[in-house]
Amino acid sequence: QVQLVESGGGLVQAGGSLRLSCAASGRTFSSYAAGWFRQAPGKERELVAAIPWSGGSTYYADSVKGRFTISRDHAKNTVYLQMNSLKPEDTAVYFCAADVTANDWIVPTRKGEYDYWGQGTQVTVSS
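Description of the structure in this document. (Residues numbered from 1 in each chain as written. Predicted model: local features only at pLDDT ≥ 70, side-chain atom pairs only at ≥ 80, totals over all residues. Heavy atoms only, no water.)

### Topic: the overall build of the protein chain
The criterion, for reference: Helix and strand assignments come from DSSP, with helices taken as H or I runs of at least 4 residues and strands as E runs of at least 2, each series counted from the N terminus. Atoms considered for the radius of gyration are the C-alpha atoms alone. The globule rule reads 2.2 Å times the number of residues to the power 0.38. Buried, partly exposed and exposed residues are distinguished by accessible area as a fraction of the type maximum, computed with a 1.4 Å probe on protein chains only: under 20%, between the cut-offs, and over 50%, respectively. We call two residues in contact when some of their heavy atoms are within 4.5 Å. Only the protein chains shown count as cover for residues, and the accessible areas themselves come from Shrake-Rupley with a 1.4 Å probe. We treat Lys and Arg as the positive residues and Asp and Glu as the negative residues; His and chain ends play no part in the count. The atoms used to mark charge sites are NZ of Lys, CZ of Arg, CG of Asp and CD of Glu.
In terms of regular secondary structure, the protein chain is built from zero helices and eleven strands. Written out in order from the N terminus, the α and β elements of the protein chain read β-β-β-β-β-β-β-β-β-β-β. The C-alpha radius of gyration computed for the protein chain amounts to 14 Å, which stays within 12% of the reference 14 Å derived for 127 residues, consistent with globular compactness. The burial tally for the protein chain puts 43% of its 127 residues in the buried class. Here the analysis covers contacts within the protein chain between residues at least 6 apart in sequence; of these, 60% occur between residues at least 24 apart. If you sum the accessible surface of the protein chain, you get close to 6,500 Å²; carbon and sulfur atoms cover 48% of it. Between the centroid of the 12 positive side chains of the protein chain and the centroid of its 11 negative side chains there is a distance of 3 Å.

### Considering the side chain of Thr 121
Put simply, the rule reads: Here a polar contact is recorded for every N or O atom pair within 3.5 Å, except that within protein the pair must consist of a potential hydrogen donor and a potential acceptor, and residues adjacent in sequence are included only if both atoms are side-chain atoms.
Positionally, Thr 121 belongs in strand β11 (residues 121-126). Within polar-contact distance, the side chain of Thr 121 engages the backbone nitrogen of Gly 9 at 3.3 Å. Setting aside anything within four residues of it in sequence, one finds Thr 121 in contact with Glu 6, Ser 7, Gly 8, Gly 9, Leu 20, Ala 92, Val 93 and Tyr 94.

### Observations concerning the pattern of salt bridges
The test is simple: Salt bridges, as used here, are contacts in which a Lys or Arg side-chain nitrogen is within 4 Å of a carboxyl oxygen on Asp or Glu.
Enumeration according to the criterion identifies five salt bridges in this entry. In this structure, the salt-bridge partner of Asp 90 is Arg 38, at a minimum N-O distance of 2.9 Å. Here Asp 90 is found in the loop between β8 (78-83) and β9 (92-99), whereas its partner Arg 38 is found in strand β4 (residues 33-39), with 52 residues between them in sequence. Pair check on accessibility: Asp 90 and Arg 38 agree, each one buried. Close ionic contact of Lys 65 with Asp 62 constitutes a salt bridge, the shortest N to O distance being 3.1 Å. For the pair shown, Lys 65 and Asp 62 are each scored as exposed. Within this structure, Arg 38, Glu 46, Arg 67 and Asp 90 form a network of salt bridges that share partners.

### What to know about the pairing of strand β5 (residues 46-51)
Regular strands show a simple pattern: their side chains alternate between the two faces of the sheet. Where we set the bar: In this scheme, strands are said to pair when DSSP sees at least two bridges between them.
Burial within β5 is extensive, with five of its six residues counted as buried. Judged from the five bridges that link them, β4 and β5 form a sheet pairing that is antiparallel. Within β5, the position partnered with Trp 36 by the bridge is Ala 49. Hairpin remark: β4 followed by β5, antiparallel, with six residues in the connecting loop; positive phi at Gly 42, about 80 degrees. Sheet topology note: the β5/strand β6 (residues 59-60) ladder contains two bridges and is antiparallel. Pairing of Ala 50 across the sheet is with Tyr 59, part of β6.

### Things to note about the state of the cysteines
Counted only if it meets this: Cysteine sulfurs are considered disulfide-paired once they come within 2.5 Å of each other.
Applying the stated criterion across every chain yields a total of one disulfide. Shown here is the disulfide that connects Cys 22 with Cys 96, its sulfur atoms set 2.1 Å apart. Classification of the bridge connecting Cys 22 and Cys 96 rests on its S-S torsion, roughly 65 degrees, and on that basis the disulfide is right-handed. Taken together, the residues Cys 22 in strand β3 (residues 18-26) and Cys 96 in strand β9 connect sequence positions 74 residues apart.

Listed below in structure tokens is the structure:
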């Protein structure tokens, strides 16, 4: 199995920045696409950004385009989410997820496609 652990969450003022990290361990010998989801109180878990194993295009939710950047470092088995110009509406628990069945170029956008999930990290943005 693949284990995912998020880190980097915390409290930040509106307009500030945070970088979330998702470290993968265990069965990482297979390629996988990765995504960042978030869930705010009273809302469903939503896809924020996703990245394929290689090539292709990244995906961003309209609400974060131009502010968030997803990236990965294969050598470190880590996926990142750089969050800039944070807004109070970004407050949520952020989860990373991996899809081990995706091809190398397609980015999955459906929650059901992801096979492994981290426990989440809290991001709180104050006014």
